[in-house]
Amino acid sequence: MSTDVIHTIYINAPAQRIWDAITTSEGTSQWGYGGEVEIDPRPGGTYRNLSTPDMVAFGMGPVAVEGEVLEIDPPRLLVLSWSPTWREGAPATRLTWELTEYPNGQTKVVLTHDVSAAPDQAEELNGGGDPEGGGGGWPWSLSGLKTFVETGRPMDAPAS
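Owing to the predicted nature of the structure, the values given are computational and were not obtained by experimental measurement.

Conventions and cut-offs
Residues numbered from 1 in each chain as written. Predicted model: local features only at pLDDT ≥ 70, side-chain atom pairs only at ≥ 80, totals over all residues. Heavy atoms only, no water. Core = buried A, V, L, I, M, F, W, Y, C linked by side-chain atoms within 4.5 Å. Buried < 20%, exposed > 50% of the residue type's maximum accessible area, 1.4 Å probe, protein only. Helix = DSSP H or I, 4+ residues; strand = E, 2+ residues; numbered from the N terminus. Contact = heavy atoms within 4.5 Å. Salt bridge = Lys/Arg side-chain N within 4 Å of Asp/Glu carboxyl O. Pairing = 2+ DSSP bridges. Axes fitted to C-alpha atoms, helices over the stretch in contact; angles between N-to-C directions. Expected span 1.5 Å × (residues − 1). Arc of directions from axis to C-beta.

> Explain the nonpolar core to me, please; I cannot follow it from the model alone.
Side chains of a nonpolar character, in soluble globular proteins, are inclined to be buried together. Counting 32 residues, the largest nonpolar core has Ile11, Trp97, Leu99, Leu145 and Val149 as its most contacted members. Elements represented by at least two residues in this core include exactly β1 (4-11), α1 (15-23), β4 (63-73), β5 (77-84), β6 (93-101), β7 (107-114) and α5 (137-151). Once residues lying within four places of it in the same chain are set aside, the contact partners of Leu99 are Ala15, Ile18, Trp19, Ile22, Pro75, Arg76, Thr107, Lys108 and Val109.

> Please explain the pattern of salt bridges as it appears in this structure.
Under the definition given, this model contains five salt bridges. Across the salt bridge formed by Asp40 and Arg42, the nearest N and O atoms sit 2.9 Å from each other. Owing to a relative accessible area of 43%, Arg42 belongs among the partly exposed residues under this scheme. Between Asp73 and Arg76 there is a salt bridge, and its shortest N-O distance comes to 3.3 Å.

> Help me understand the sheet that holds strand β2 (residues 37-39), please; the structure alone is not making it clear to me.
Through backbone hydrogen bonds, the strands of a sheet pair up, either in parallel or in antiparallel fashion. With antiparallel pairing, seven strands are arranged side by side in an open sheet as β1-β7-β6-β5-β4-β3-β2. Where the open sheet ends on each side, the last strands, each with one partner, are β1 and β2. Ignoring which end each strand starts from, the neighbouring axes of this sheet average 20° apart. Note that β4 and β5 share eight bridges and pair antiparallel. By the bridge assignment for β5, Ile72 is matched with Leu78. α1 rests against β1, β2, β4, β5, β6 and β7 of the sheet, and its axis sits at about 155° to β6. Against the sheet, α5 touches β1, β5, β6 and β7, its axis set at about 20° to β1.

> I tried to follow α5 on my own but got confused; where do I start?
The periodicity of an α-helix, 3.6 residues per turn, causes residues three or four places apart in sequence to face the same way. In this model α5 runs 21 Å from its N-terminal to its C-terminal C-alpha over 15 residues, within 8% of the 21 Å that 1.5 Å per residue would give. Buried within α5 are the following residues: Gly137, Trp138, Ser141, Leu142, Gly144, Leu145, Phe148 and Val149. Viewed end-on, α5 has its buried residues packed into an arc of 155°, placing them on one side of the element. Within two residues after α5, Gly152 carries a phi angle of roughly 80°, on the positive side.

Below is the structure:
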């Protein structure tokens, strides 16, 4: 079993707009599982994805994911150590966002989550379950990112 969870999507938007969606609270609160982000954008800086009120009501603490910025090259590369707080004591894994913008304005987004330090997380991160219960994983989150960046609306907003 591979210890890398890799997903590639194309988003019809410039890399900077996608970068802002993954590195600012205005963006992160609109896709995936939501929640504001705190990031010190320098190698060695702290990274925290905060829990939403719904997540706290579900039993999570105030921080959903914590970690450290390992590499950063805006708006092309963000590498983080990534520790989900709902897996107490789990070792940190490595999450890499790579954004490649093309001349037509589209951007390829490659998300690589190296779970070799915690291979039991691969199935959860690959998703496939009910996203309302936390089972959507990265495919669901990336779909939400694409929807938000391209339409300005969260994926779970009613379609017009």
